[in-house]
Every structure is written in structure tokens, then in C-alpha cells.
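# Structural overview
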Amino acid sequence: MAEETTELAGKVALITGAAGGMGRAHAVLMAARGAHVAIQDINAKGVAETAEMIRAKGGTAIEFAFDVADGAAVRSMVAETEAKFGRLDILVNNAGIGSATKLDEASIDFFDRIFAVHVRPAFQAVKAAVPGMKERRSGKIINISSRWALVGNECASDYCGAKAALLGLTKAWAKELAAWNICVNAVAPGGVWSQMALDEKDGAAGIREAEKKVPLGRWAQPEEISYLVAFLASHRADFITGQVVSPNGGASIVGF
Amino acid sequence: MPKLAGKVALITGSGRGMGKSHALLMAEEGASIILQDIDGPLVEEAAAEVKAKGSKVHTIVCDVADANVFPKEIETAAKAMGGHIDILVNNAGIDTPGTIEEITDEAFQRMFDVHVKGSFLATKSVVPGMKARRQGKIVNVSSIWGMVGHSSHSHYCGAKAALLGLTKAWAKELAPHNIMVNAIAPGAVITEMVLQKGGMDYVNEKAQLIPMKRFADCIEMSYTVLFLCSHESDFITGQVISPNGGDTIVGI
């Protein structure tokens, strides 16, 4: 990737769920813009590949392979990142799993799992990262929500609920942490080409069909979401906090 | 490569304040700039600053609400800049105080003329060219007061809210032509307009009410506008971004 900017030079960024798709794209872009990155995924092979991609381009990356639902592991990942790079400036809570369940087939176990992957790790990671950010009076936290958190969907209520919970946390953390110059925002992507989406839509034909419903007539590539995440992580967004930005091709135009 | 290389941007109300700041940042990123303001001497000063960045500049001096003049001026400007306008920032604005009883019919009309009609005229003028090239970026400058209101200045709040409605409708109408339309809703920003109200004492006092305890500089708004005008936001349309230091956290 030819990157013209070194906007994140010297910053340390931690991105969860970075074995592929958007998480990988966020990590690669931030590294290309000069950040040292720490990346996590349950998929050890995938996260190692992402780290290798970053190193191959001269970037710095350390990787962690574990289930993000493991709170103790999340906390020690933050501590290890701070020990390795001396600080943590940017936290992207991106780890997630999909759902296609309707209520009649939904199980409480999967409901718990969805919240254990999307919501509890964000809380754990933020709680671990905030003391250092407060001390330095600087920090950027970006929670990855979803367009479905804004408008719902005819299935996957468990997923919609978890993604909406992240918006509540985003807004509250923004208010709680503003006094320490820590900015907290959410990104709520619409349709994005990724392996997760390909699996859910039974391949590219399914996505192409879904693209017809989007005003812009297409889904995004993962990198297009990364540009927004990198912007919110940069000094250029120092006055933006508590906001939700939804790159969705016009599929959902709601709220303010 | 600069983010806006080869692009032509029209920024209304760019003689000073945020509009000028947007113009200067876009010039740094390689755009040619069409400056517009009702104040001739101001816009010429701003033009000199933009030129100093190495950009091609064209100036328009007129009232954005003048339907007989403004669209023609835009047509002339587009020709002078090589035939196309890729980016429109509807930034021109005024603010006059007043409770409902104090706001005159004329003040109410003028408020909507400048913010709403001016934005409509500019958008109507640039859209055919954007459609023909299947690309365009339009950013409407609203305000947090357009989102949450205020205990006075209701005509300003109403006009700024109208821009949000136009933003969302234009986003849907123009998406099939690959034209993105978004709004920025700034919170507290240090501008000449604000400083005239009561100087830095006013700013420092009001800043205490904002979670981040400060006002923004104009350039901080320009960064968001630039992002929304660059290819990096090609999947973002119909959205409202409010850089406001945590002052207003609403909607979804």
C-alpha cells in the first residue's frame, strides 16, 4: 500500500479481531501510516499472517492469539503492549462474530457468546487501557459497531443488540473520559466485502444481490472503513468524541 | 500524492473563518479553489493566501441567496477552472441573535436565504456536471444547534436543521450518480464571529461547559471536511459528523 502520510508515526495501536477482513485492513493501514500495532485474534494463523504483512512492509507488529472473550488475556495483552511499546495510544475494539439467527432458533448460549465477544472485551480492554491514557492525557478509542445497531434487521437480534450496546458504551465513555482528552467514537459499517460476509451470503452472488439495495450500488472494501478508523485515530479528530459515523453507502440515513 | 490532486473545490463563505480554513487546507492537498464571499476585500485577501499555497484560484463576490447572480457566477468559475467542480462545501452562514419576539420577519427570511437557499442554488448549479462525470462530494455545514436547538437564535437552529434534511435527501437522490452528500455539525469553534461576541473571556467561560473543556480551532473542522471530500470517504453518504468536544452526543 502506497501511503503518503505518516500521520500516526510513533503511535501505538491495538486492534482486536485482526486475522482478516476489516481488522486486518485497519492494522495494515495504521502501520503504513507509522503506527506500531498490536493485533489480536482467535485465529492464530490469520493474525500471524497480518503481522507478517505489516513487517514485510517495514512496519512493527506484535500479535496475540486467544479468544477475546477471555478477560484476563485481554488485560494482559494491554499490559504486554504497553510494556513492549511503552504506551498505548489507540484502541480499536473490532473483534466480532456474525449471526443469522431468528428468535425461534436463537439460543441463550449463543446470545451470551455474542455479548462475550463484542461487548465484554471492549469493556475489559478500555478499562485496562484508560489508566495509561489518562496519565498521558491523550487517547483514542474506536468501537466497531454496525449499521444494524442503528436500524435493526429481520434476523440476528443478538448481534444487533450487542452492536447497539457498543454505542451506549461509546457515548458514556466519551463523556466520562473527555476531561482527560481521550476521544471515544464508534464506526458503524454497512455492507463490507469480507470472508465473514461471503460466508453469510453464500458467496459473491449473494453480496452482489445485496449491493443492489444500497443507494451507492455497492458494498465497501475493508480498506474504505479503515480510512475512517485511521482518521478518528489521528490528531485530525481531536475535537470529535461521542460520535457515531456509519460508512454505509447511503443504506441507512438516520439520527443526526 | 496529495489527497485532492486535480480536484476543483467551491467553498462558499470562504473569505474568513472556517470557510477560509477549509480552502487553505484543501489547497495544501492539491485542489484548485473557487472562493466565494459577499465581502470583496476579504475574499481577495483569502485568495492571496490560497495562491501562496500554489493553488489555482478563482473568486466569486456575490450574495449566495441571489438566484440571478450566484448560479451564473458558478458557471463562469467552473469554466475558468477547466470545466468542472468536483467538491462543493456549502459553508456560507450568518448568525443573528434573538428570541422569537426579537427576530424580525426580515431576519428570519435572511437566515434561511443565506443558509438554505444559498446551499440549494450552489448544489443545483454543480450537480449536472457531477452527474456527467459520475463523481462528486458535497458537504453541508450545519451546527450542533441544528441538532439540539438553543434557547434563542431559533431561526439559525431551524436553518441549520434544514441543511440536515437536505443532506439526507440529496444523499439518496444523488447516490446512483456516485455523488456523496454529508454534513458536518461543528460545536464550539474559535472564529472571528465568536470572538466578536466577547473575546477570549467568553471563549474560556463557555469552554468549561464542554466535556473536553475547550473550543476547537477552525482547522479542526477543516480536517473533517477534507476527509469527507477525499476518496477516503467514498462509502460515506447521508451522514452527519459533529466535531464538538463531547458537547452534543445525540442520535445514532
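Residues numbered from 1 in each chain as written. Chains lettered and ligands numbered in written order. Predicted model: local features only at pLDDT ≥ 70, side-chain atom pairs only at ≥ 80, totals over all residues.

### Side note on the overall build of chain B
- In terms of regular secondary structure, chain B is built from eight helices and nine strands.
- In terms of C-alpha radius of gyration, chain B reaches 17 Å, essentially the compact-globule figure of 18 Å for 252 residues.
- Judged by the C-alpha coordinates and their principal axes, chain B covers about 45 × 40 × 35 Å.
- Sorting the 252 residues of chain B into buried and exposed places 54% on the buried side. (Helix = DSSP H or I, 4+ residues; strand = E, 2+ residues; numbered from the N terminus. Rg over C-alpha atoms; globule rule 2.2 N^0.38 Å. Buried ≥ 20, exposed ≤ 12 C-beta atoms within 10 Å, placed from the backbone.)

### Observations regarding the sheet that holds strand E1 (residues 12-16) of chain A
Residues and elements named next belong to chain A.
- Spatial ordering of the open sheet is given by E3-E2-E1-E4-E5-E6-E7, a layout of seven strands whose pairing is parallel. Lying at the two open borders of the sheet, with one neighbouring strand each, are strand E3 (60-65) and strand E7 (244-245).
- By the bridge criterion, two bridges tie strand E6 (residues 182-187) to E7 in an arrangement that is parallel. Paired with Val 187 across the bridge in E7 is Val 245.
- Helix H7 (residues 157-177) contacts strand E5 (139-144), E6 and E7 of the sheet and is inclined by roughly 165° relative to E6. (Pairing = 2+ DSSP bridges. Contact = placed C-beta atoms within 7 Å. Axes fitted to C-alpha atoms, helices over the stretch in contact; angles between N-to-C directions.)

### Comments concerning the interface of chain A and chain B
- Of the residues lining the interface, 33 residues belong to chain A; the matching set on chain B comes to 36 residues.
- If you list the elements that add at least two residues to the side of chain A that touches chain B, you get H7, helix H10 (222-233) and E7 of chain A.
- A per-element tally of the side of chain A that touches chain B places H7 of chain A first, with four residues.
- Its residues assigned to classes, the side of chain A that touches chain B comprises 18 nonpolar, nine polar and six charged. (Nonpolar A, V, L, I, M, F, W, Y, C, P; charged D, E, K, R; others polar.)

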